[in-house]
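# An overview of the molecular structure
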Amino acid sequence: MAVLVVGGAGYIGSHTAHVLRRRGYDVIIYDNLCTGFRDLAEGFELVVGDFADKTKIAPVLRRCDAVMFFAAHASVAESVENPKKYYHNNVTSAVSLLDYVMESRVRRFIFSSTAAVYGNATQSPIPETCPKQPVNPYGATKLAFENALEAYSTAYGLKYVSFRYFNAAGADDSGTIGEMHDPESHLIPIIFQAIQGKRAALSVYGDDYPTPDGTCVRDYIHVTDLADAHVLGLEYLTKSPSIAMNLGTGKGYSVKEVIEAVEHVTGHTVPTQIGPRRPGDPAELVADPSLAERTLKWKAQRSLDNIIETAWKWAQKRH
Ligand SMILES: NC(=O)c1ccc[n+]([C@@H]2O[C@H](COP(=O)([O-])OP(=O)(O)OC[C@H]3O[C@@H](n4cnc5c(N)ncnc54)[C@H](O)[C@@H]3O)[C@@H](O)[C@H]2O)c1
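All values reported here derive from a predicted model rather than from experimental measurement.

Cut-offs applied
Per-chain numbering applies: the sequence of each chain, read as written, is numbered from 1 onward. Residues qualify for local features only when their pLDDT is at least 70, as the model is predicted, and side-chain atom pairs are given and counted only at 80 or more; totals for whole chains, interfaces and linings, by contrast, use all residues. Processing note: side-chain calculations cover all non-hydrogen atoms of the structure and skip hydrogens and water entirely. The source of the domain bounds is an automatic or database domain assignment. Any two residues whose heavy atoms approach within 4.5 Å are treated as being in contact. Defined here as a combined quantity, buried area equals the accessible surface (1.4 Å probe) lost by two parts on assembly, summed across both. The salt bridge criterion pairs a side-chain nitrogen of Lys or Arg with a carboxyl oxygen of Asp or Glu, the two atoms within 4 Å. Pairs of N or O atoms are called polar contacts if they sit within 3.5 Å, as long as, within protein, a hydrogen donor faces a hydrogen acceptor (for residues adjacent in sequence, only side-chain-to-side-chain pairs). Every helix listed is a DSSP run of H or I at least four residues long, and every strand listed is a run of E at least two residues long, numbered separately from the N terminus. Only protein chains enter the calculation, and the probe is 1.4 Å; a residue is then buried if its accessible area is under 20% of its type maximum, exposed if over 50%, and partly exposed in between. One heavy atom within 4 Å of a molecule or strand makes the whole residue count as near it. Classification convention: Asp, Glu, Lys, Arg as charged; Ala, Val, Leu, Ile, Met, Phe, Trp, Tyr, Cys, Pro as nonpolar; all other residues, Gly among them, as polar.

Each assigned domain of the protein chain is listed here: domain 1 (2-169 + 220-247) and domain 2 (187-218 + 250-318). Its C-alpha centre places domain 1 at a distance of 24 Å from the equivalent point of domain 2. Taken together, the contact pairs 27 residues of domain 1 with 28 residues of domain 2. Interface area, domain 1 with domain 2, both sides summed: about 2,300 Å², of which 70% is carbon and sulfur. Its largest share of buried area at the contact with domain 2, domain 1 owes to Tyr220, His222 and Asp225, together 31% of the area lost on that side. The interface formed by domain 1 and domain 2 includes zero salt bridges. Along the contact surface separating domain 1 from domain 2 lie nine residue pairs in polar contact (both at pLDDT 80 or more). Listed by contribution, the elements that provide at least two residues to the side of domain 1 that touches domain 2 are β7 (167-169), β10 (220-222), α7 (223-236) and β11 (243-247). With seven residues, α7 is the single largest residue contributor to the side of domain 1 that touches domain 2.

Take a look at the structure:
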C-alpha cells in the first residue's frame, strides 16, 4: 500500500515516513521545502512541489492509496502578524488539495490538527468535547480545515482522521532525523541552543501563571508515538468512520520541570532568564488522550526523559 506523505520533509512528517516504511508501507514524500529540509526526506522518493499545484500532485496521487497531510504553516506568532499567509496555505490551498484527492482514488486521509483548536480550554485535561474556540489565526485555520474535512466526508465519502497533537518533541531512535525548525520556536530545541551557546539564554515567558511553579504546563508527546498513532489511524480507516482525536500523554510538565529534566539528562546547566508572559499563552494545555487510546488501542509509550535523550542525541549530531 502506498502512502503520500505531504509535508514529509518536515519534522513530524519525516518521522512518520520512517515508521511507515518500517511497517512495510510504500512512501512517497511530497513537499515544497518552504520549512522542510531535503535531508529529512533522504532515502525516500521526494517530489518537490506545492500541494496546491494540481499538475504536479495529481499524477502522484494516482500512485497512492492514502494521504497523510502534515504540510502547513505552523507558527502561532507568525499567523498573528501575517494571517493571509496562513489562510492561503492552511485553508485555501489545503481545500484545493482535498479536491484533487477527491478526483483521485484516494479515500483515506489523515490530517495534522492541533491543540490550538481549543484556544483557552475550559477543562484540563482537554477532551475532544471541549469547545473549539481558537485564539489565533493558526488555530483558526486548522479548525477551518477540520470542518472542511467533515463536510467532504459527509457529502463525498472521504474518510479521515484529524489528529490534534499537543506538543510534539523528541527524535527518531536512529539519530538520523530529528526536529528542525528555522527559526526554532519549540521549547526543548531552544533549551539545547542555550546549552550549546547558540543563544545567550533560554527566555521563560512568565513565571506567575496559576500553575504549581508559575510556569506554563504542556503535554509533551514523543514524535515516534505520534507516528505510531498515524499508522494505526490508517488501519482504523479501513473499517471505521471518520473521527477527530487528541494525541497526547495526558500528563503535563511545566517549563521549569522540562529545564530540570534536560539538566538531569544532559548534565548541562541551562542558562535561563525569566521574561514577561507571551500574549495568548494558556497556563496549561494537557490532552485527555482516552479517545485515541480506546479507539486505536494506542498509548503514548515514551517518557519525557526519553524525549530529551533522543532529541539531545540529534542536537549534538547537528551541532
Ligand atoms: N510541531 C508540533 O508540536 C505540532 C503541534 C501540533 C500540530 N502540528 C502540526 O503538524 C504538522 C507538522 O508540523 P511540523 O512541526 O512537522 O512542521 P514542519 O514545518 O517541520 O513541517 C511542515 C512541512 O510542510 C511543508 N509545506 C508547508 N506548506 C507546503 C505547501 N504549500 N506545499 C508543500 N509542502 C508544504 C514544509 O516545507 C514542511 O516540510 C503541521 O501541520 C502542524 O500544524 C505540529
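The structure having been displayed, the exposition proceeds.
Another point: the pattern of salt bridges. Pairing between side chains of opposite charge can happen when the charged atoms of each approach one another. If you walk through the whole model with that rule in mind, you get 11 salt bridges. Aspartate 228 is the partner of arginine 23 in a salt bridge, and the nearest nitrogen-oxygen pair spans 2.8 Å. Here arginine 23, found in the loop between α1 (11-22) and β2 (26-31), pairs with aspartate 228, found in helix α7; they are 205 residues apart in sequence, far enough to count as distant. Note that glutamate 45 is salt-bridged to arginine 63, the shortest N-O span being 2.7 Å. Highlighted residues: glutamate 45 in strand β3 (residues 45-48) and arginine 63 in the loop between α2 (54-61) and β4 (66-69), separated in sequence by 18 residues. Classification of glutamate 45 as partly exposed rests on a relative accessible area of 37%.

Turning our attention to the site of the ligand. What surrounds the ligand is a group of 29 residues, the closest being Asp31, Thr35, Asn89, Tyr138 and Lys142. Between cysteine 34 and the ligand, the recorded distance is 3.0 Å, taken from a backbone N or O atom to an oxygen atom. At 2.8 Å, a side-chain N or O of asparagine 89 approaches a nitrogen atom of the ligand. A total of three residues in the shell around the ligand trace back to one element, the largest contributor, which is strand β5 (residues 108-114). Across the shell around the ligand, the residue classes tally to 14 nonpolar, 12 polar and three charged.

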